Amino acid sequence: MNSQEPQRKIIHIDMDCFFAAIEIRENPSLSGLPIAVGGSPDKRGVVATCSYEARKFGIHSAMPTSTALRKCPALICLPVRMPLYKKVSKSIQSIFREYTELVEPLSLDEAFLDVTGSIHCQGSATLIAEEIRQRIYTAEKLTASAGIAPNKFLAKVCSDWHKPNGQKIITPREIDGFVKTLPVKKINGVGKVTEEKLSNLGIKTCGNLQMLSASFLENYFGRFGKRLYELSRGIDSRPVNPNRIRKSLSVETTFAVDLDLLESGIEALNKLYEKLLERLAEKSTHITLPIHSLTLKIRFSDFKTTTIQTVGNKPQLKKYQQLYTTVWERTERPVRLIGLGITFSELEQSGQLELELERDT
Ligand code: TTP
Ligand code: MG
């Protein structure tokens, strides 16, 4: 970081069990019970979120509702009421904006705030976070957790630390000691695969990670290696960006019955394509970047997921159909979910050749 710049004060706020907490607020008799909000089990829906009582049974976001019910037969499953959650989201965001213009929402229930120059609470970020959480509670009867740190990475890690209804601060002096014991999986972008790769090298904590040189990490992990080098030292210079530009858009659907014919898959894809066009039209006023590629996601009956992508500067049904046919001919396995996506170019990427990328999860 440039030593001329003032030390930044970043707050990351994250609501506790957001959808579930709202449902409990609306119907307090649900309080203390295992509840899940999401798709219904007979339509093969998944859990969007669940209460802490439900989490004790091992239930989590993205788990099929049918699995969740097996784990906890007493689970109360509620449908998603998006308009209600969006209203609450607007309300909390307007509270954030009373403290700073520099608010970067990450989702309906989560945002970064840069309060470096704030005059509120004598400029104390800790007090600002406390006050904001109190204001949210007063206005919405919902609890939030917060992380306060000199950068986004650490603030986000901290907001999880004393969840629910808690907050944690890391001062600049505490960074070195904090990251030493921080598990590498806490780094955003370190998923199961990277965690295992690192574990094979004997690396479990950011402290361990610091022993690897920048050039080794770059050779081993490519561009992400540089980021690992910095984050393991608690360095993150990304600014809080109040006008974050959308980088992708997608729609997906899980079928009531697996699709085991190419024709039925294409038919479903055609329908989904209409939905994609609608979403694109809805969001068009927020989109400022050109389209760069088209993505097809397929989840098979065994839950294996494949994402395949092709370059394109506008949505084209034919291209999605071709991608689907390619994947189908390769595997011919029953399909449980189809997703269609569009990626916008981050930088100028003109002159690129048609390419296909594939990722299996
Ligand atoms: P999260 O903040 O990840 O989860 P949460 O607020 O429910 O719980 P926590 O206390 O651990 O923060 O996500 C916020 C909301 O976004 C969540 O209530 C539901 C929705 N969501 C989905 O719809 N699908 C998902 O896979 C995830 C992770 C969240
Ligand atoms: Mg949350």
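On a predicted model such as this, the values are computed, not experimentally measured, just so you know.

Overview of the overall build of the protein
Link 1 in the chain: Within the protein, the regular secondary structure consists of 13 helices and 13 strands.
Link 2 in the chain: In terms of overall dimensions, the protein is globule-like: its C-alpha atoms have a radius of gyration of 22 Å, near the 21 Å expected for 361 residues.
Link 3 in the chain: By its C-alpha atoms, the protein is 65 × 55 × 45 Å across when sized along the principal axes.
Link 4 in the chain: In the protein, buried positions account for 43% of the 361 residues.
Link 5 in the chain: Pairs at least 24 apart in sequence give 63% of the contacts found in the protein among residues at least 6 apart.
Link 6 in the chain: Carbon and sulfur atoms provide 53% of the accessible area of the protein, an area that totals close to 19,400 Å².

Some thoughts on the side chain of Asp-14
Link 1 in the chain: Take Asp-14: it is sitting in strand E1 (residues 10-15).
Link 2 in the chain: The exposure class of Asp-14 is buried, given its relative accessible area of 14%.
Link 3 in the chain: Ignoring sequence-local partners within four residues, the contact set of Asp-14 consists of Asp-109, Glu-110, Ala-144, Ser-145, Ser-159 and Lys-163.

As for the domain arrangement of the protein
Link 1 in the chain: In terms of domains, the protein is made up of domain 1 (8-169), domain 2 (176-231) and domain 3 (248-344).
Link 2 in the chain: Relative placement of domain 1 and domain 3: their C-alpha centres are 30 Å apart.

Notes on the pairing of strand E5 (residues 103-107)
Link 1 in the chain: Here E5 runs beside strand E6 (residues 110-114); their pairing, made up of four bridges, is antiparallel. Residue Val-103 lies in a different strand from E6, and its bridge partner there is Leu-113.
Link 2 in the chain: Two successive antiparallel strands, E5 and E6, enclose a turn made up of two residues.

Overview of the coordination of the magnesium ion (ligand 2)
Link 1 in the chain: Around the magnesium ion (ligand 2), the protein contributes the donor atoms Asp-14 (OD), Met-15 (O) and Asp-109 (OD), at 2.0 to 2.3 Å from the metal centre.
Link 2 in the chain: Classification of the site at the magnesium ion (ligand 2) rests on its six donor atoms, whose angles at the metal span 82 to 177 degrees, yielding the label octahedral.
Link 3 in the chain: Expressed as a motif, the donor residue spacing for the magnesium ion (ligand 2) is D-M-x93-D. Of this pair, Met-15 sits in strand E1 while Asp-109 sits in the loop between E5 and E6; the two residues are 94 residues apart in sequence, bridging distant segments of the chain. The same class applies to Met-15 and to Asp-109, which are both buried.

Re unusual backbone geometry
Link 1 in the chain: Residues Lys-163 and Pro-164 are joined by a peptide bond in cis, for which omega reads -10 degrees.
Link 2 in the chain: Topologically, Pro-164 is positioned in the loop between helix H6 (152-159) and strand E8 (167-169).
Link 3 in the chain: Although it is not a glycine, Ala-62 adopts a positive phi angle of roughly 75 degrees.
Link 4 in the chain: Ala-62 gets classed as exposed once you look at its relative accessible area, which sits at 56%.
Link 5 in the chain: Even without being a glycine, Glu-332 presents a positive backbone phi close to 50 degrees.

Description of the pattern of salt bridges
Link 1 in the chain: Using the criterion set out here, one finds 14 salt bridges in the structure.
Link 2 in the chain: We note a salt bridge from Glu-104 to Lys-152, for which the minimum N-O separation is 2.8 Å. Residue Glu-104 is found in strand E5, and its partner Lys-152 is found in helix H6; the two are separated by 48 residues along the sequence.
Link 3 in the chain: The closest approach of N and O atoms between Lys-226 and Glu-230, which form a salt bridge, is 3.7 Å. In this pair, Lys-226 and Glu-230 are both assigned in helix H11 (residues 223-231), four residues apart and thus about one turn of the helix distant.
Link 4 in the chain: A residue is classified by how much of its surface remains accessible, and Lys-226, at 47% relative accessible area, is partly exposed.
Link 5 in the chain: The class of Glu-230 is partly exposed, set by a relative accessible area of 23%.

Some thoughts on the nonpolar core
Link 1 in the chain: The biggest cluster of nonpolar side chains holds 34 residues, and the ones touching the most others in it are Ile-11, Ile-13, Phe-96, Leu-113, Ile-132 and Ile-136.
Link 2 in the chain: Elements represented by at least two residues in this core include exactly E1, helix H1 (18-26), strand E2 (35-38), helix H4 (82-99), E6, helix H5 (125-140) and strand E7 (144-149).
Link 3 in the chain: Here the element with the most residues in this core is H4; it accounts for seven residues.
Link 4 in the chain: With near-sequence residues (within four places) excluded, Leu-113 lies in contact with Lys-9, Ile-10, Ile-11, Ile-13, Phe-96, Thr-100, Leu-102, Val-103, Ile-132 and Val-240.
Link 5 in the chain: Counting residues in each nonpolar core, the second largest holds 27 residues, with Leu-276, Leu-296, Tyr-320 and Val-327 among its members.

What counts, and at which threshold
- Here the residue numbering is sequential within each chain, running from 1 through the sequence in written order.
- As a convention, the first chain written is A and the first ligand written is 1, with the rest following in written order.
- The model is predicted, so local features are restricted to residues of pLDDT at least 70 and side-chain atom pairs to those at 80 or more, both for listing and for counting; the totals for chains, interfaces and linings are taken over all residues.
- Note that the side-chain values use all heavy atoms of the structure and ignore hydrogens as well as water.
- By the criteria applied, helices consist of DSSP H or I runs no shorter than four residues and strands consist of E runs no shorter than two, each listed in order from the N terminus.
- Radius of gyration: over C-alpha atoms. The globule rule applied is 2.2 Å multiplied by the number of residues raised to the 0.38 power.
- With a 1.4 Å probe rolled over the protein chains alone, any residue whose accessible area is under 20% of its type maximum counts as buried; one over 50% counts as exposed, and the rest are partly exposed.
- Whether two residues touch is decided by their heavy atoms; if any such pair falls within 4.5 Å, the residues are in contact.
- Note on areas: these come from Shrake-Rupley sampling with a 1.4 Å probe, and a residue is covered only by the protein chains present in the view.
- Domain delimitation follows an automatic or database domain assignment.
- Pairing between two strands is assigned when DSSP locates at least 2 bridges connecting them.
- Each metal's donors are the N, O and S atoms found within 2.8 Å of it, except that Na, K and Ca use a 3.2 Å limit; water is left out, so coordination can look incomplete.
- Note on geometry labels: four donors, all angles 85 to 135 degrees, give tetrahedral; four donors become square planar and six octahedral when opposite donors are over 155 degrees apart and every other angle is between 65 and 115; remaining cases are irregular.
- For this document, the term salt bridge refers to a Lys or Arg side-chain nitrogen within 4 Å of an Asp or Glu carboxyl oxygen.
- Among buried residues, the Ala, Val, Leu, Ile, Met, Phe, Trp, Tyr and Cys ones that are joined through side-chain atoms within 4.5 Å form a nonpolar core.

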